[in-house]
Amino acid sequence: MTTQAPPTRGRIRELTVYFLRLGLLGFGGPVALVGQMERELVAERGWLSNEKMRESIAICQSLPGPLAIQVGIYISYLRGGFWGAWAGGWAFIFPNFVIVAALGALYVFLGDLQPVTAIFYGVSPAVIALILHSCYRLAKLGMEDPVQWAIAAVCLVVTVILNAEVALLFIGAGVIGILYYGNILRRKPPILLQLSAAPVLAQLAPVTSASTLSKLLLFFLKAGSLTFGSGLVIVPFLEQGLVTQYGWLDQRQFLIAVAVGMISPGPVVITATFVGYLVAGFWGSLISTIGIFLPSFILVLVAAPLLARYRANPNVQGFVKGAYAAAIGTILGACILLGRIAIGDWLTVLIAVASLAVLFRWKVSNPLLIAATAVVGLIAFPLLQPDWVMVK
């Protein structure tokens with residue numbers, strides 16, 4: 001017993017150091033981050049085999065939550081056990097939290113200044129282009145047949161017209177996926193109930209009678225359990241909850257929060273940290289960060305071992321396919337809703353179209369595109385003085 005403790009502590013220490021560095025320097029989105037982990041941890045460090053890495057990615061893709069964070073948690077679990085998963089996962093998140101919380105503090109103190117308004121005048125339409133481009137890549141990756149496209153179309157319409165609760169869309173789409181792709185009419189395996197438990201429980205969470213911090217925690221716990229397919233799925237969910245339901249942010253502030261999430265290192269869901277700071281200061285940012293990421297730890301540590309055994313089950317695959325299609329539809333619906341706020345004159349139309357063209361033609365990083373459009377905003381805003389821009 002005593003001879004095994006030092007190696008375990010050493011592994012937890014090396015996991016913490018590695019993921020702190022990855023969290024600080026890990027730009028490029030989930031695909032780039034997972035690719036970097038595969039290159040460094042398999043080829044260079046030999047922490048796990050190619051087969052184990054491929055299995056880790058496949059399992060985490062089948063779970064709701066930000067892919068890169070969950071792959072990091074799962075690798076940490078394989079390398080350092082239960083406590084290794086917690087150490088590696090939070091080390092991955094910590095640099096993102098510090099950066100985005102600091103940006104939230106700067107925005108709170110400087111948000112009324114014209115240069116800040118000008119920057120986000122140029123950046124907001126570029127964010128719409130970034131979301132559309134990411135949605136296109138996600139659709140190419142996981143949309144396989146007309147049934148999934150039909151589910152996506154229904155979710156798009158519901159998101160735009162009815163402003164329905166996104167949780168219900170995901171659960172309903174998952175059930176349709178089970179019925180169409182699975183064999184649920186013949187038998188109902190227990191794994192299905194375990195896979196869908198987190199979204200259902202999140203949907204039932206009481207969020208109306210608690211304090212602001214408690215509401216933030218429960219709201220982001222729900223959001224963290226519903227990000228199937230990509231962290232971008234959080235965009236329509238947050239827009240409905242933060243803007244429409246609670247009124248904590250206006251739509252322009254919400255667009256700024258999405259922009260911050262997309263240009264900072266780490267997953268897009270780090271937007272929750274920025275939102276939390278705007279709503280309730282530092283403690284709000286801390287609570288929101290815990291809420292958005294805690295479901296990932298629970299799902300990886302509880303559901304991932306089960307999925308390792310059952311992910312070939314047609315009912316599990318059906319639920320994932322249906323939820324994935326719902327993700328595509330809700331992201332597109334959020335683009336329409338947010339586009340009405342971000343695009344209001346000829347220049348913002350031009351920025352959005354040009355940004356989309358650049359993203360399709362060249363592999364431009366998110367921070368570079370955001371920086372370029374911020375410069376455009378700084379130059380153009382004082383000249384055009386657009387009175388339609390709604391800024392804090």
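What counts, and at which threshold
- Residues numbered from 1 in each chain as written.
- Predicted model: local features only at pLDDT ≥ 70, side-chain atom pairs only at ≥ 80, totals over all residues.
- Heavy atoms only, no water.
- Axes fitted to C-alpha atoms, helices over the stretch in contact; angles between N-to-C directions.
- Helix = DSSP H or I, 4+ residues; strand = E, 2+ residues; numbered from the N terminus.
- Parallel < 35°, antiparallel > 145°, perpendicular 65-115°, else oblique.
- Left-handed = near helix turned anticlockwise from the far one by under 90°.
- Contact = heavy atoms within 4.5 Å.
- Salt bridge = Lys/Arg side-chain N within 4 Å of Asp/Glu carboxyl O.
- Buried < 20%, exposed > 50% of the residue type's maximum accessible area, 1.4 Å probe, protein only.
- Disulfide = S-S within 2.5 Å.
- Core = buried A, V, L, I, M, F, W, Y, C linked by side-chain atoms within 4.5 Å.
- Polar contact = N/O pair within 3.5 Å; in protein donor to acceptor, adjacent residues only side chain to side chain.
- Expected span 1.5 Å × (residues − 1).
- Bend = angle between axes of the 7 residues up to and from the residue.
- pLDDT = per-residue confidence, 0-100.

> Explain the packing of helix α9 (residues 212–224) against helix α10 (residues 234–245) here, please?
How two helices pack is summed up by the angle between their axes together with the distance between the axes. Interhelical geometry of α9 versus α10 gives an angle of 155° and a closest axis separation of 10 Å. Here α9 is positioned roughly antiparallel relative to α10, judged by the angle of their axes. Viewed along their axes, α9 and α10 form a crossing whose handedness is right-handed. Residue-level contacts link Phe219, Phe220, Lys222 and Ala223 of α9 to Ile234, Phe237, Leu238, Gly241 and Leu242 of α10.

> Just to check I follow, could you spell out the pattern of salt bridges for this structure?
Charged atoms that come close allow side chains of opposite charge to pair. Applying the stated criterion to the full structure yields 3 salt bridges. The partner of Glu14 in a salt bridge is Arg79, with the nearest N and O atoms 2.7 Å apart. Of this pair, Glu14 sits in helix α1 (residues 5–25) while Arg79 is found in helix α4 (residues 67–110), placing the two residues 65 residues apart along the sequence. In this structure, Glu144 engages Lys321 in a salt bridge whose closest nitrogen and oxygen atoms are separated by 3.2 Å. Placement of the pair is Glu144 in the loop between α5 (114–142) and α6 (146–162) and Lys321 in helix α13 (residues 314–342), with a sequence separation of 177 residues. Looking at Glu144, the relative accessible area reads 54%, which means it is exposed.

> Would you mind showing me how to read the state of the cysteines here?
Here, disulfide denotes a covalent bond that connects the sulfur atoms of two cysteines. If you walk through the whole model with that rule in mind, you get 0 disulfides. Cys135 carries a free sulfur, and the closest cysteine sulfur to it, the one in Cys335, is 6.5 Å from it. Classification of Cys135 by relative accessible area gives buried; the value is 3%.

> Explain the environment of Gly174 to me, please; I cannot follow it from the model alone.
Among the secondary structure elements, Gly174 is positioned in helix α7 (residues 166–181). Since its relative accessible area comes to 0%, Gly174 is described here as buried. Here the alpha-carbon distance between Gly174 and Ala326, two residues 152 residues apart in the chain, equals 8.3 Å. Ignoring sequence-local partners within four residues, the contact set of Gly174 consists of Gly318, Phe319, Gly322 and Ala323.

> What is the right way to look at the nonpolar core in this model?
Here is a general trend for soluble globular proteins: nonpolar side chains tend to be buried in one another's company. Counting residues in each nonpolar core, the largest one holds 102 residues, and the members touching the most others are Met37, Met53, Val71, Val127, Phe220 and Leu238. The greatest single-element share of this core, amounting to 14 residues, is contributed by helix α12 (residues 271–310). In this structure Met53 touches Val34, Met37, Glu38, Val42, Leu48, Val71 and Ile75, once residues within four positions along its chain are discounted. One finds Ala126, Leu347, Ile351 and Val389 within the second-largest nonpolar core, a separate group that totals 8 residues.

> Would you mind going over the side chain of Thr348 with me for this structure?
Tracing the sequence through the fold places Thr348 in helix α14 (residues 346–361). Take Thr348: its relative accessible area is 0%, and that puts it in the buried class. A polar atom in the side chain of Thr348 sits 2.8 Å from the side chain of Asp345. Those residues in contact with Thr348 that lie beyond four places of it in its chain are Tyr121, Pro125, Ala342, Ile343 and Trp388.

> Would you mind going over α4 with me for this structure?
Each α-helix winds once per 3.6 residues, and so residues spaced three or four apart point in a common direction. Look at α4: only 33 Å from first C-alpha to last across 44 residues, short of the 64 Å you get at 1.5 Å a residue. Bending of α4 peaks at approximately 145° at the position of Gly80.

> Can you help me understand the confidence of the model for the chain in this one?
Regions with low pLDDT should not have their predicted coordinates read in detail. Residues of the chain with pLDDT of at least 70 account for 84%, and the chain-wide mean is 80. Put simply, helix α8 (residues 190–204) is where the chain has its lowest mean pLDDT, 41, and α14 is where it has its highest, 93. Predicted confidence is poor over residues 1–6, with pLDDT under 50, and the contacts of this stretch with residues over four places away or in other chains come to 0 contacts.

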